[in-house]
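Letter by letter, the chains look like this.
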Amino acid sequence: MDPRALAALLSSLISQLTLLLLLLFPSSNPLSLTDSPPNSQEYLFPLIHHFLSTTEIISSLSLLSLSKKRKRTHQPQEDEPGPQLDQVNSFNSYIPQNPDSFKIFFRMNSSTFEWLSALLEPLLDCRDPVGSPLNLPAEARLGIGLFRLATGSDYPEISCRFQVTEKTAKFCIKQLCRVLCTNFRFWLGFPNPNELETVSSNFETLTGLPNCCGIIDCYRFKFLTKSNGKISSQSLAAQIVVDSNSRILSIFTGFRGNKGDSRVLKLSSLYKDIEIGNLLNLHNSPPMRIKDIAIPQYLLGDGGYPLLPWLIVPFVDPMPGSIEENFNAAHRAMRLPVLRTIASLKNWGVLSRPIDAELKTAVAYIGACSILHNALIMREDYSALCDGLGDYSLDDESSQYYGDIALEENSIEKGFEIRSALATRARDFSTVDYPKDNSN
């Protein structure tokens, strides 16, 4: 059997098995990437990681077995026509050799690009339009898709740079987003119970606050809509949960940005999964205690969110020099990773400006960039990770939509008790000068 066909078949089967596992532990939204109940996660994640490793091996073997064949294929015989517009015979002729320029083009270094190309090759090579083979190597398809995501360039510019038609450029970009969001969305999966211990331990080391399992925030990306010949700008809400290393643990997007943070939260599967006990240890394992107050696992959010037993927000107008004021300082310190993640996502060219695409395409761009963000962190490639916080706190709209969620009184009271107990454990941040966050 042809090596290319075999690699594509095996990779497709592995992808389908992975998706089957995710379907057995479903999430109510395609880009709301939370996982199954704790007792199932212990078996689900090792299997998924095994499938991922197997896919990498298959992709690498495919790349090796086809390297010589590809060289022969790209050398036209005397009786063959010369290169056509949709043929990229030497991908290296279209990309910069300078490492810094390479990172600008693709938001990753060359070794990560090669790794990703080998990993995705079977999936990118086997899905050409019916009856219209592109005759493009996987690295060219990947390069075209990444160039759009990394720079935000329009289709005419991409067509000119890579010497392909605009139709081919659009296909390659759509294909890359589809492969990432369908076959590799588990790179954004919420940690299992064992992994959550590491996440909370890292946060505790940072601030002294125990049992924190992530930082939640909601950002609004702009996108353009066309109606009756008029172009208008609208926003798209994206709810993100990250760990202390700015790794995305969950993302939920697809709603218009006129909904507040708390409303988006309640509409998300993350909220439902936590409330019924599928995520965090609200109803299962015994929580830790501070001064006889049970402290469950929780997330940290800004003032746009409600105070819940599993969602801790800052105190309002604390007294100067009080433990509440110090807690708020620790709270700000813990929020830096999510601000950095949002700034890093905005660093992708296609997300740095209003997205000129329909809603579902904008959602796919956000999902693809989020998946690539985690892949780069996993590879310890920080090419796309923002050093600062950017202008997030200046242009975020979440502060416009406070208080749009109904809560039970006992839930608020319990959340207040937990927050007050946590305030007694925060390290002293009175002399630490952190960047000002105006999103609260």
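Provided above is the structure to which this section pertains.
Residues numbered from 1 in each chain as written. Predicted model: local features only at pLDDT ≥ 70, side-chain atom pairs only at ≥ 80, totals over all residues. Heavy atoms only, no water.

A. Main features of the overall build of the chain. Across its full length, the chain holds 14 helices and seven strands. Sequence-distant contacts, at least 24 apart, represent 72% of the contacts inside the chain between residues at least 6 apart. For the chain, the accessible area works out to roughly 20000 Å², and carbon and sulfur atoms hold 53% of it. (Helix = DSSP H or I, 4+ residues; strand = E, 2+ residues; numbered from the N terminus. Contact = heavy atoms within 4.5 Å. Areas by Shrake-Rupley, 256 points an atom, 1.4 Å probe, with all protein chains shown as cover.)

B. Inspection of the pattern of salt bridges at higher detail. Counted according to the given criterion, the structure contains seven salt bridges. R141 serves as the salt-bridge partner of D125, at 3.5 Å between the closest nitrogen and oxygen. Of this pair, D125 sits in helix α4 (residues 110–125) while R141 sits in helix α5 (residues 138–151), and the two are 16 residues apart along the sequence. The pair D125 / R141 is uniform in exposure class, with both members buried. With a closest N to O distance of 2.9 Å, R220 and D261 form a salt bridge. Placement of R220 in strand β1 (residues 212–227) and of D261 in helix α9 (residues 261–267) is noted, with a sequence separation of 41 residues between them. (Salt bridge = Lys/Arg side-chain N within 4 Å of Asp/Glu carboxyl O. Buried < 20%, exposed > 50% of the residue type's maximum accessible area, 1.4 Å probe, protein only.)

C. Region of the structure containing helix α6 (residues 155–162). Every buried residue of α6 is listed here: I158, S159 and F162. Here the buried residues of α6 occupy an arc of 100 degrees about the axis, which is enough to place them on one side. Next to the buried residues of α6 lie α5 and α7 (166–183). The backbone nitrogen of E157 has a side-chain oxygen 3.1 Å away, supplied by the residue at the start of α6, namely D154. Of the residues trailing α6, Q163 is marked for its positive phi of about 55 degrees. (Arc of directions from axis to C-beta. Polar contact = N/O pair within 3.5 Å; in protein donor to acceptor, adjacent residues only side chain to side chain.)

D. Here's a closer look at the packing of aromatic side chains. The tally for this structure, following the rule as stated, stands at 13 aromatic pairs. Ring centres of F147 and F162 lie 5.5 Å apart, and the angle between their planes is 75 degrees; on these two criteria the pair is classed as edge-to-face. Note that F147 is positioned in helix α5 and F162 in helix α6, a separation of 15 residues in sequence. Using a relative accessible area of 2% as the deciding quantity, one classes F147 as buried. Assessed through its relative accessible area of 1%, F162 is described here as buried. These aromatic residues form a ring-pair network of at least three members: F102, F105, F106, F113, F147 and F162. (Phe/Tyr/Trp six-rings, centres within 6.5 Å; stacked < 30°, edge-to-face > 60°.)

E. How the structure looks around a negative patch on the surface. Together, D154, E157, E166 and D356 line one region of the surface with negative charge. The residue E157 is located in helix α6 in this model. You can call E157 partly exposed: its relative accessible area is 39%. (Patch = residues over 30% accessible without salt bridge, like charges linked within 9 Å, V, L, I, M, F, W, Y side chains within 5 Å. Lys, Arg positive; Asp, Glu negative; His and termini not counted. Charge placed at Lys NZ, Arg CZ, Asp CG, Glu CD.)

Keep in mind these values describe shape, not function.
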